[in-house]
Amino acid sequence: MLQQFNAWLLSVLLIGSLSLSLPTRSPAQVIKSGPPSCPGIALTFDLCPVRKGPGYDQALVDYLIQHQIPSTFFMSGKWMAKHEEEVDHLLGVDFFEIGTHGEVHAHLPMLNADEQRTEILGPVKVLHKHYAHEATLFRPPYGEYNDVTVDVVKALGLRFIQWNIESGDPDPSLSTEQILTRIAKRAKPGSIIVFHANGNGKQTRQVIERLTIEVLPHQGLKPMTVRELLNCSPPTP
Ligand SMILES: [Zn+2]
């Protein structure tokens, strides 16, 4: 009886210590900002599929190129399939960085692990196969994810990029001024801001113009791609 009890106790202790030594899911795997010591900020633009309209904010992209503003784009597979020329164009700009945003813009937490893997890998494979581009940054559609998503993204060797400032640019009730105020209040060194470049943000180009001319220089913040932001070290005195 005592032996049985000891065996039971031992197994309880073993299981206990095992579960303690298992790696815990650290929220640090989901990147919402860069180092706070960095005087930079990342302007990121999602390219989610759209039902109507051109699905591409040409005026915004032209502005970013004309003013050489480092920017990061997250492309969904469905969007890429309709915008091959634009994909080529964006990939050709050396101060742009390209990541992915799921195949059909699915709600990932509603899918099992295999389905999530398929959704996440879709545009990564297309970029690799048709554009010879290795996309390692991933942003989940709607910013939605669960523990399975974090594990799948990690197992695929991708970096999980969220944001800590939501511009709210697809909301037609927000004026340029309101979006700017919202961003200016929250912007700090290392911030990652989410916008849209698929035409859903009616004020986006204007917001970017005023942000990069007035707000960010005033706050001492320089636009950087996500990769630059994550590798950024404090300025040398
Ligand atoms: Zn999206």
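What counts as what
Residues numbered from 1 in each chain as written. Predicted model: local features only at pLDDT ≥ 70, side-chain atom pairs only at ≥ 80, totals over all residues. Axes fitted to C-alpha atoms, helices over the stretch in contact; angles between N-to-C directions. Helix = DSSP H or I, 4+ residues; strand = E, 2+ residues; numbered from the N terminus. Parallel < 35°, antiparallel > 145°, perpendicular 65-115°, else oblique. Left-handed = near helix turned anticlockwise from the far one by under 90°. Contact = placed C-beta atoms within 7 Å. Nonpolar A, V, L, I, M, F, W, Y, C, P; charged D, E, K, R; others polar. Core = buried A, V, L, I, M, F, W, Y, C linked by C-beta atoms within 7 Å. Buried ≥ 20, exposed ≤ 12 C-beta atoms within 10 Å, placed from the backbone. Arc of directions from axis to C-beta. Pairing = 2+ DSSP bridges. Right-handed = clockwise from strand over helix to strand, strands pointing away.

Notes on the packing of helix H2 (residues 58–66) against helix H8 (residues 204–219)
1) Next: Look at H2 against H8: their axes get within 8 Å of each other, and the N-to-C directions meet at 20°. The orientation of H2 with respect to H8, classified from their angle, is roughly parallel. As H2 runs across H8, the sense of the crossing is left-handed. Residue-level inspection shows Ala59, Leu60 and Tyr63 of H2 in contact with H8, the latter providing Thr204, Arg205, Ile208 and Glu209.
2) Next: Across the contact of H2 with H8, the residue classes tally to four nonpolar, one polar and two charged.

Thoughts on the nonpolar core
1) Next: Formed by 47 residues in total, the largest nonpolar core has its most connected members in Ala42, Leu47, Phe73, Met75 and Ile193.
2) Next: Every residue in contact with Met75, bar those within four places of it in the chain, is listed here: Leu47, Met80, Val87, Ile98, Thr100, His101 and Pro123.

Section: unusual backbone geometry
1) Next: Although it is not a glycine, Ala132 sits at a positive phi angle of roughly 50°.
2) Next: For Tyr142, which is not glycine, the phi dihedral falls at a positive 60°.
3) Next: Among the secondary structure elements, Tyr142 is positioned in the loop between strand S5 (137–138) and helix H6 (147–155).

Considerations on H6
1) Next: The set of residues buried in H6 consists of Thr149, Val152 and Val153. In an axial view of H6, the angular spread of the buried residues amounts to 100°, which keeps them on one side of the axis. The exposed residues of H6 that point more than 90 degrees off its buried face are Asp147 and Ala155.
2) Next: The inward-facing, buried residues of H6 abut helix H5 (113–131), S5 and strand S6 (159–161).

Looking at the pairing of strand S3 (residues 71–75)
1) Next: Most of S3 sits out of view: five of its five residues are buried.
2) Next: With four bridges joining them, strand S2 (residues 40–47) and S3 adopt parallel strand pairing. Opposite Phe45, over in S3, you have Phe73 as the bridge partner.
3) Next: In terms of handedness, the path from S2 via H2 over to S3 forms a crossover that is right-handed.
4) Next: One ladder, built from five bridges, connects S3 with strand S4 (residues 96–100); its direction is parallel. Along S4, the bridge assignment pairs Phe73 with Ile98.

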